[in-house]
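# Observations on chain architecture
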Amino acid sequence: MNAAECTRLGAYLSKLLGSPTVSVVSKGAEEADVLVDGKRIADLLRDEDEGELSYSISLAVPRAAGAKKNAPIDDAERARLQTALRTVLHAADLDVRARPRKTDSAEVYVHDEFVGTVSVDEDEGQVLTMSILDIDLEGEE
């Protein structure tokens, strides 16, 4: 990814999360790191399919001490995840909400805007996955 693309992604994430210290640094043509306060927090992958450009962010959140590998994301776990994600992302307005009839994942919002899902991952604990479409970046410099 080139510098301009990383700058646009960083500006978008900074505005979305309300966190001025978010930035994106290229690791190659299709990969980048998402940084907060200069510390790497997530992977970002670029995907171009049939002329459609999108980006996927994957941020691992370690499971709670003593938690089982496939433990459901219940009220207590959502509260823990919300605190962890707010801290890591510097996003005070981030909310982790229950999904109807699903206990293996939760939805993540900033204000009332859906930004991604947190899913149980056997190896990582839980993983926040965010997708960004190229049209989301329009107007970002």
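Preceding this paragraph is the structure being described.
Going along each chain's sequence as written, the residues are numbered from 1 onward. In keeping with the model being predicted, local features are shown solely for residues with a pLDDT of at least 70 and side-chain atom pairs are shown and tallied solely at 80 or more, while totals for entire chains, interfaces and linings include all residues. In computing side-chain values, all of the structure's heavy atoms are included and hydrogens and water are not.

### Some points on the pattern of salt bridges
What counts as a salt bridge is simple: a side-chain nitrogen of Lys or Arg found within 4 Å of a carboxyl oxygen of Asp or Glu. The full count for this structure, using the stated rule, is 14 salt bridges. Across the salt bridge formed by Arg 40 and Asp 43, the nearest N and O atoms sit 2.2 Å from each other. Think of it in three bands: residues with accessible area under 20% of the maximum for their type are buried, residues over 50% are exposed, and the middle band is partly exposed, with areas taken using a 1.4 Å probe on protein chains only. Residue classification places Arg 40 among the partly exposed positions, given a relative accessible area of 42%. A salt bridge links Asp 75 to Arg 78, with the nearest nitrogen and oxygen atoms 2.0 Å apart. Here the residue Asp 75 and the residue Arg 78 both occupy positions in helix 2 (residues 75–89), the gap between them amounting to three residues, near one helical turn. Here the salt bridges do not stand alone but share partners, grouping Lys 27, Glu 31, Asp 33, Arg 40 and Asp 43 into one network. In this text, helices come from DSSP runs of H or I with a minimum length of four residues, and strands from runs of E with a minimum of two, each type numbered from the N-terminal end.

### Regarding helix 1 (residues 3–17)
An α-helical turn contains 3.6 residues, so any two residues separated by three or four positions project in the same direction. A helix is expected to span 1.5 Å multiplied by its residue count minus one. Spanning 15 residues, helix 1 covers 21 Å between terminal C-alpha atoms, matching the ideal 21 Å at 1.5 Å per step. Regarding helix 1, the residues found buried are Glu 5, Cys 6, Leu 9, Gly 10, Tyr 12, Leu 13, Ser 14, Leu 16 and Leu 17. Think of a polar contact as two N or O atoms within 3.5 Å of one another; within protein, one of them needs to be a possible hydrogen donor and the other a possible acceptor, and neighboring residues in sequence only count if both atoms come from side chains. One side-chain oxygen of the residue at the start of helix 1 lies 3.1 Å from the amide nitrogen of Ala 4, identifying that residue as Asn 2. Just downstream of helix 1 lies Gly 18, where phi reads positive at about 70°.

### Quick notes on helix 2
With 15 residues, helix 2 ought to run about 21 Å at 1.5 Å a step, and its terminal C-alpha atoms sit 21 Å apart, in line with that. Here helix 2 has its buried residues at Glu 77, Arg 78, Leu 81, Gln 82, Leu 85 and Leu 89. For helix 2, the buried positions fall inside an angular range of 140° around the axis, keeping them on one side. Facing away from the buried side of helix 2 by over 90 degrees, the exposed positions are Ala 76 and Thr 87. In the segment just after helix 2, His 90 is the residue with positive phi, at about 55°. Summarising the geometry, the arc corresponds to the directions from the helix axis toward the C-beta atoms.

Interpretation note: all reported values are geometric properties and have no functional meaning in isolation.
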